[in-house]
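This is what each chain is made of:
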Amino acid sequence: MLTSEHSKRLASTKTLPIVNSYNEWDTLQEIIVGRVEGACVPQFDATIKANTYPKNWWFFQKYGGRPYPQELLEPASKQLNEFCRVLEGEGVTVRRPDIIDFSSSYKTPDFEATGLYAAMPRDILTVIGNEIIEAPMAWRARFFEYRAYRSLMKEYLKQGAKWTTAPKPLMSDELYDFDYPIETVEDRHELAELGRFVTTEFEPCFDAADITRCGRDLFVQRSQVTNKLGITWLRNHLGDRFRVHTLKFQDPNPMHIDATFVPLRPGLVLTNPDRPCYQIDIFKKAGWDVVTAVQPTLPDNWPLYMSSKWLCMNILILDPKRVIVEKDEEPMHKFFKNLGFEVIPVAFRHVYTFGGSFHCVTCDIRRDSQLEEYGF
Ligand code: DAV
């Protein structure tokens, strides 16, 4: 645990602004939970190929551009609703995006595509203090995803939030490496080591889920969907009040940091045993304890088209004592209890099939926190 010496209050807030969150662990008051209604399978292009495994390509080839099969949508929608009910029972205000038909096609001067979903608000939105930032995501299927959140954004704006949209990428062909070779995991390892990804540096792009927040210090990774220019935009935008650090992991296929590296509370970070962090000394020097996640329990035949079994790490922290963990990840329950957490189990595996778990499907709007620093 960190002592008060490591945790320095930088500002004090009496009444919390409507949008207010500086980290992943302070007491949660309001949250957006995504939805799968209207979801469309993305068309199979270079970016989808780079983030999925060959054994799943048939799914995108068969359904790309069409609504998700009903038999996948229904159980996921039920689990999301139950998750909302649990959050409300824990005293959290839950908001949902609008329902949009993501299968309608669109054409810009640079490309044509169909959409994806509003299931993963963590990918598109990040809250830093009282500012909510819409991320310039890299997938063409996500160009118009912001539309599902506009009702909420306008509402938060009227209640005093600072609302920012990062420069929208053109998503012209120059943003992508169409020759990115990805037939094998070895290819991917080699390319990731070289810092080569399916997105180029043509223009800034990032997914908000590649950022994790520890007060004044934000940690971001270069991934298949977040480029260096995107990180530069974020750093320049946030200015001197924040420090944006880039982390790199031994990961053949980085996309979103929240099943790789998860700060749990001041002085404690959860890491992925398959994806060691090259800069872990930043945390050790700051006096943080580093703990490694235990093995996931998801069966090999579970349909996971866009993510990995490490979704077991994609937990949601309600406050430094309470954490939501997937119901069947029993080794993780034990692990969190040993760390002093009360575990709230919620069944969520049908949502996994859409590519995320509790952290991915949410965007915390308000936590009872203020800007602090934690020893970095
Ligand atoms: O398996 O690392 C996790 C997050 C996807 N939104 C993975 C992906």
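Asks: Before we move on, could you go through the overall build of the protein and cite the residues and values that matter?
Replies: Within the protein, the regular secondary structure consists of 10 helices and 19 strands. Taking 376 residues into account, the globule formula puts the C-alpha radius of gyration at 21 Å, and the protein, at 19 Å, falls close to it. Counting only C-alpha atoms and orienting by the principal axes, one finds that the protein spans roughly 55 × 45 × 40 Å. Sorting the 376 residues of the protein into buried and exposed places 60% on the buried side. A total of about 15,000 Å² of accessible surface is found on the protein, and carbon and sulfur atoms cover 50% of it. Taking the 45 positively charged and 51 negatively charged side chains of the protein as two groups, their mean positions are separated by 3 Å.

Asks: Requested: an account of the site of the ligand, with residues and values cited.
Replies: In the region of the ligand, the neighbouring residues are M255, H256, D258, A259, R275, S307, S308, L311, G355 and C360. In this structure, an oxygen atom belonging to the ligand sits 2.6 Å away from a side-chain N or O atom of S308. A distance of 3.4 Å separates a nitrogen atom of the ligand from a polar backbone atom of G355. Against a free-state accessible area of 270 Å², the protein chains account for coverage of 91% of the ligand. When atom positions are compared with the pocket grids, the ligand is found to occupy the largest pocket. Across the shell around the ligand, the residue classes break down as four nonpolar, four polar and two charged.

What counts and how
- Residues numbered from 1 in each chain as written.
- Predicted model: local features only at pLDDT ≥ 70, side-chain atom pairs only at ≥ 80, totals over all residues.
- Heavy atoms only, no water.
- Helix = DSSP H or I, 4+ residues; strand = E, 2+ residues; numbered from the N terminus.
- Rg over C-alpha atoms; globule rule 2.2 N^0.38 Å.
- Buried < 20%, exposed > 50% of the residue type's maximum accessible area, 1.4 Å probe, protein only.
- Areas by Shrake-Rupley, 256 points an atom, 1.4 Å probe, with all protein chains shown as cover.
- Lys, Arg positive; Asp, Glu negative; His and termini not counted.
- Charge placed at Lys NZ, Arg CZ, Asp CG, Glu CD.
- Near = heavy atom within 4 Å.
- Polar contact = N/O pair within 3.5 Å; in protein donor to acceptor, adjacent residues only side chain to side chain.
- 1 Å grid on protein atoms, 1.4 Å probe; cavity = no way out; pocket = protein on both sides within 12 Å on 5 of 7 lines; lining within 4 Å.
- Sits in = over half its atoms within 2 Å of the grid points.
- Nonpolar A, V, L, I, M, F, W, Y, C, P; charged D, E, K, R; others polar.

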